[in-house]
Amino acid sequence: MIKVLSYLCDCPKGALRIVLVLALTVTAFGQHTLATREFFYAGGNYSGPPLKEVMAGQMYVEVLRPQRVTQKYPIVFFHGGGQTATNWMGTPDGRAGWADYFLAQGYIVYLTDQPARGRSPWNDSRNGPLTMPASGQVERQFTAPEILGAWPQAKKHTQWPGQGEKKGRRGDPIFDAFYSTQVQGLRSGGVETQTLVRSAGTALLDKIGPAILVTHSQAGPFGWLLADSRPKAVKAIIAVEPSGPPFRNNVFNTGNEDKARSWGIADIPLTYSPPAATESDLAPVREQIADGPNLAICWKQPDPPRQLPNLHGIPILIITTEASYHAVYDHCTAKYLTQAGVQNTRMRLEELGIHGNGHMVMLEKNNIEVATVLQKWISTHVK
């Protein structure tokens, strides 16, 4: 929870200033972490006829600074589809979120709203049309997959907060609180969004310097693209169930021609070696068999594979929950990175004894337990 405390101060030349101090209640630890709160916009550019220029593409960035910074690098959080930075600020049943937790660990925390989403302006002359996630889609994919999900692992979902027969569904107050946070996003999908975030995200890194990136779901390609654009500024990527798998969708759309992420792990170009002039140069091939039961068959590059040199040497964690639809195919993303010469750590929560989580793990009952896993990984991999 975030409490805003204001007080007045005597400032130079008689000016009166309101100072805001955030008291972040980290309930899981029974303590209060004092922080300052700021915001700014990264990126954006003007276009239009003279005297009628408008700006578009700018990204809202909220900054939380602990009373004492003890960590070398800040953390930048990128939310997924239908979401905003509120994903990281707290849970729909009123518990502390990941922003609170990492602030308490001494990190400066940056929270972003994707361009053309939330507090980042959408411009009808520059951006494509919008779409809104339906409540039934949210129930099936995020909050009640144990009832509505069609993938094998869905029935293992137990961690969404609430109780009773409506838990995770419309009419339950916790579900309704969560669904009320859903917002419109660009209907055009990956190309437009990733192009906007690559531009605004590089502007953000140029402003703040080296940082750790935490991406979720739709934001997965943002981490790869920003590392490709600013490899020295990205000190680590924690990809929480990143958009995937490479080249073809799975689970919800399984047709052989349902193409996606035509550059392997992104919808827009990445730097490959040898260079790939067009996406068709990657010439993806389908593996013959799945790596195990209830797992998707992966697509990969043909041998010898092109490399992703700008991602080499960056610590990368891909984290997957037990009951999410990502449990079917996140291994394909990890294998693709490995084939392209990018070392990464693939972590399945159930193998750590953490069971029952779905795709919105940062909001579920054990969200702080999972955050401690991320912090432990950072402490051993980021120098």
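Structure shown above.
Just so you know, these numbers come straight off a predicted model, no measurement behind them. (Residues numbered from 1 in each chain as written. Predicted model: local features only at pLDDT ≥ 70, side-chain atom pairs only at ≥ 80, totals over all residues. Heavy atoms only, no water.)

### Some details on the overall build of the protein
Put simply, the rule is: Going along the chain from the N terminus, every DSSP run of H or I of four or more residues is numbered as a helix, and every run of E of two or more is numbered as a strand. Think of it in three bands: with a 1.4 Å probe and only protein chains considered, a residue is buried below 20% of the maximum accessible area for its type, exposed above 50%, and partly exposed in between. A contact between two residues is defined here by any heavy atoms of the two lying within 4.5 Å.
Across its full length, the protein holds 9 helices and 16 strands. The proportion of buried residues among the 383 residues of the protein is 53%. The long-range share in the protein, meaning contacts at least 24 apart out of those at least 6 apart in sequence, stands at 70%.

### Focus on the side chain of Arg 261
As a reminder of what qualifies: Counting rule for charge: Lys and Arg are taken as positive, Asp and Glu as negative, and neither His nor the chain ends is counted. Whenever Lys or Arg places a side-chain nitrogen within 4 Å of a carboxyl oxygen from Asp or Glu, that contact is recorded as a salt bridge.
Following the sequence through the fold, Arg 261 ends up in the loop between β12 (234–242) and β13 (285–286). Comment: no salt bridge for buried Arg 261; closest opposite-charge side chain is Asp 267, at 5.4 Å.

### Quick look at the packing of aromatic side chains
Counted only if it meets this: Aromatic rings from Phe, Tyr and Trp, taking only the six-membered ring of Trp, are treated as a pair when their centres fall within 6.5 Å; an angle between ring planes under 30 degrees marks them as stacked, one over 60 as edge-to-face, and anything in between as tilted. Remark: a charge is flagged as sitting over a ring if the NZ atom of Lys or the CZ atom of Arg is within 6 Å of the ring centre and within 35 degrees of the ring normal.
Enumeration over the complete set of coordinates arrives at 17 aromatic pairs. Consider the rings of Phe 39 and Tyr 60, whose centres lie 5.8 Å apart with planes at 20°: the pair is stacked. With Phe 39 in strand β3 (residues 31–42) and Tyr 60 in strand β6 (residues 59–66), this pair connects stretches of sequence that are 21 residues apart. The class for Phe 39 is exposed, based on a relative accessible area of 54%. Given a relative accessible area of 6%, Tyr 60 falls into the buried group. Measuring from centroid to centroid gives 6.0 Å for Phe 175 and Tyr 179, while their planes differ by 5°, and the two rings are stacked. Placement of the pair is Phe 175 and Tyr 179 together in helix α5 (residues 173–179), with a separation of 4 residues, close to one helical turn. The exposure class of Phe 175 is buried, given its relative accessible area of 0%. For Tyr 179, a relative accessible area of 23% puts it in the partly exposed group. Ring pairs connect the aromatic residues Phe 77, Trp 88, Trp 98, Tyr 101, Phe 102 and Tyr 107, which therefore count as one cluster. A cation over an aromatic ring shows up here: Lys 207 above the ring of Phe 40, its NZ or CZ 4.8 Å from the ring centre.

### Things to note about the environment of Gly 43
The topology assignment puts Gly 43 in the loop between β3 and β4 (45–47). Assessed through its relative accessible area of 29%, Gly 43 is described here as partly exposed. Along the chain, Gly 43 and Tyr 60 lie 17 residues apart, while their C-alpha atoms are 9.3 Å from each other. If we ignore the near neighbours within four places in the chain, the residues touching Gly 43 are Gly 57, Gln 58, Ala 200 and Ala 203.

### Remarks on the state of the cysteines
What counts is decided by this rule: Disulfide: a pair of cysteine sulfur atoms within 2.5 Å of each other.
Counted according to the given criterion, the structure contains 1 disulfide. Cys 298 shares a disulfide with Cys 332; S-S distance 2.0 Å. The chirality of the disulfide connecting Cys 298 with Cys 332 is left-handed, given an S-S dihedral of about -80°. One end of the pair, Cys 298, is in the loop between β13 and β14 (299–300); the other, Cys 332, is in helix α8 (residues 330–339), with 34 residues separating them in the sequence. Cys 332 shares its class with Cys 298; the two are buried.

### Description of the pattern of salt bridges
Tallying each qualifying case throughout the model produces 10 salt bridges. The partner of Glu 62 in a salt bridge is Arg 37, with the nearest N and O atoms 2.9 Å apart. Note that Glu 62 is positioned in strand β6 and Arg 37 in strand β3, a separation of 25 residues in sequence. The exposure class assigned to Glu 62 is buried, which follows from its relative accessible area of 1%. Taking the relative accessible area as the measure of exposure, Arg 37 reaches 39% and is therefore partly exposed. A network of salt bridges, in which partner residues are shared, links Arg 37, Glu 62, Asp 113 and Arg 119.

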